[in-house]
Amino acid sequence: QHGSFCHPFGTPPQKSSVDYERWDAGRRDTVTGELYQCCPCSERKMLNDSPDECELNKFDDMLEVLAHHSPNFTQLVAAE
């Protein structure tokens, strides 16, 4: 999973657009305004453009498997 979480921030949208402001805010610390450090690794990134290798798109499938094999399966979601 490291290869997905260390992914950089992607291609920036056009400057002076709302999308750019949102993109730029997402790559900065909300308290200090400093840019987050990106991981310097060169591991291949496997995201949704590589669905078979990607580990991030399997959540629904895993829940279905768990529910099928464990009839009493429940899920608890906590949000703060």
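Okay, so let's go over this structure.

About the criteria used
- Residues numbered from 1 in each chain as written.
- Predicted model: local features only at pLDDT ≥ 70, side-chain atom pairs only at ≥ 80, totals over all residues.
- Heavy atoms only, no water.
- Helix = DSSP H or I, 4+ residues; strand = E, 2+ residues; numbered from the N terminus.
- Rg over C-alpha atoms; globule rule 2.2 N^0.38 Å.
- Buried < 20%, exposed > 50% of the residue type's maximum accessible area, 1.4 Å probe, protein only.
- Contact = heavy atoms within 4.5 Å.
- Areas by Shrake-Rupley, 256 points an atom, 1.4 Å probe, with all protein chains shown as cover.
- Lys, Arg positive; Asp, Glu negative; His and termini not counted.
- Charge placed at Lys NZ, Arg CZ, Asp CG, Glu CD.
- Phe/Tyr/Trp six-rings, centres within 6.5 Å; stacked < 30°, edge-to-face > 60°.
- Polar contact = N/O pair within 3.5 Å; in protein donor to acceptor, adjacent residues only side chain to side chain.
- Patch = residues over 30% accessible without salt bridge, like charges linked within 9 Å, V, L, I, M, F, W, Y side chains within 5 Å.
- Salt bridge = Lys/Arg side-chain N within 4 Å of Asp/Glu carboxyl O.

## Side note on the overall build of the protein chain
Then step 1. Broken down by element type, the protein chain carries three helices and zero strands.
Then step 2. For 80 residues, the compact-globule estimate of 2.2 N^0.38 gives 12 Å, and the protein chain exceeds it by more than 25% at 18 Å.
Then step 3. Across its three principal axes, the protein chain shows a C-alpha extent of roughly 50 × 35 × 25 Å.
Then step 4. Scored against the burial criterion, the 80 residues of the protein chain give a buried share of 11%.
Then step 5. Restricting the contact set of the protein chain to residue pairs at least 6 apart, pairs at least 24 apart contribute 37%.
Then step 6. A total of about 7,000 Å² of accessible surface is found on the protein chain, and carbon and sulfur atoms cover 53% of it.
Then step 7. Taking the average place of the 7 positive charges on the side chains of the protein chain and the average place of its 14 negative ones, the gap between the two points comes to 9 Å.

## Description of the packing of aromatic side chains
Then step 1. For the coordinates displayed, the defined rule picks out one aromatic pair.
Then step 2. Taken together, a centroid distance of 5.4 Å and an interplanar angle of 45° make the contact between Tyr20 and Trp23 tilted. Highlighted residues: Tyr20 and Trp23, both in helix α2 (residues 18-26), separated by three residues, approximately one helical turn.
Then step 3. On the basis of relative accessibility, which here comes to 16%, the residue Tyr20 falls in the buried class.
Then step 4. Under the relative-accessibility criterion, Trp23 is labelled buried at 18%.

## Here's the deal with the side chain of Arg27
Then step 1. Within the fold, Arg27 resides in the loop between α2 and α3 (59-69).
Then step 2. With a relative accessible area of 16%, Arg27 lands in the buried category.
Then step 3. One polar contact links Arg27 to Asp24, side chain to side chain, over a distance of 2.8 Å.
Then step 4. Excluding residues within four positions of it along the chain, Arg27 makes contact with Phe9, Tyr20, Glu34, Leu35 and Tyr36.

## Observations regarding a nonpolar patch on the surface
Then step 1. Taken together, the side chains of Met62, Val65 and Leu66 present a nonpolar region at the surface, about 240 Å² in accessible area.
Then step 2. Summarising the element assignment, Val65 is placed in helix α3.

## Some details on the environment of Ser16
Then step 1. Residue position: Ser16 is located in the loop between α1 (2-5) and α2.
Then step 2. On a C-alpha basis, the gap between Ser16 and Leu63 in space is 41 Å, while along the polypeptide they are 47 residues apart.

## Section: the pattern of salt bridges
Between side chains of opposite charge, a pair can form when the charged atoms approach closely.
Then step 1. Under the criterion given, the structure shown has three salt bridges.
Then step 2. Across the pair Arg22 and Asp19 runs a salt bridge, and its minimum N-O distance is 3.4 Å. A residue pair is termed a helical-turn pair when its members lie 3 or 4 positions apart in one helix, as Arg22 and Asp19 do in helix α2 at three residues.
Then step 3. When its relative accessible area of 45% is taken as the criterion, Asp19 is described as partly exposed.
Then step 4. Among the charged side chains, a network of salt bridges with common partners joins Asp24, Arg27 and Arg28.

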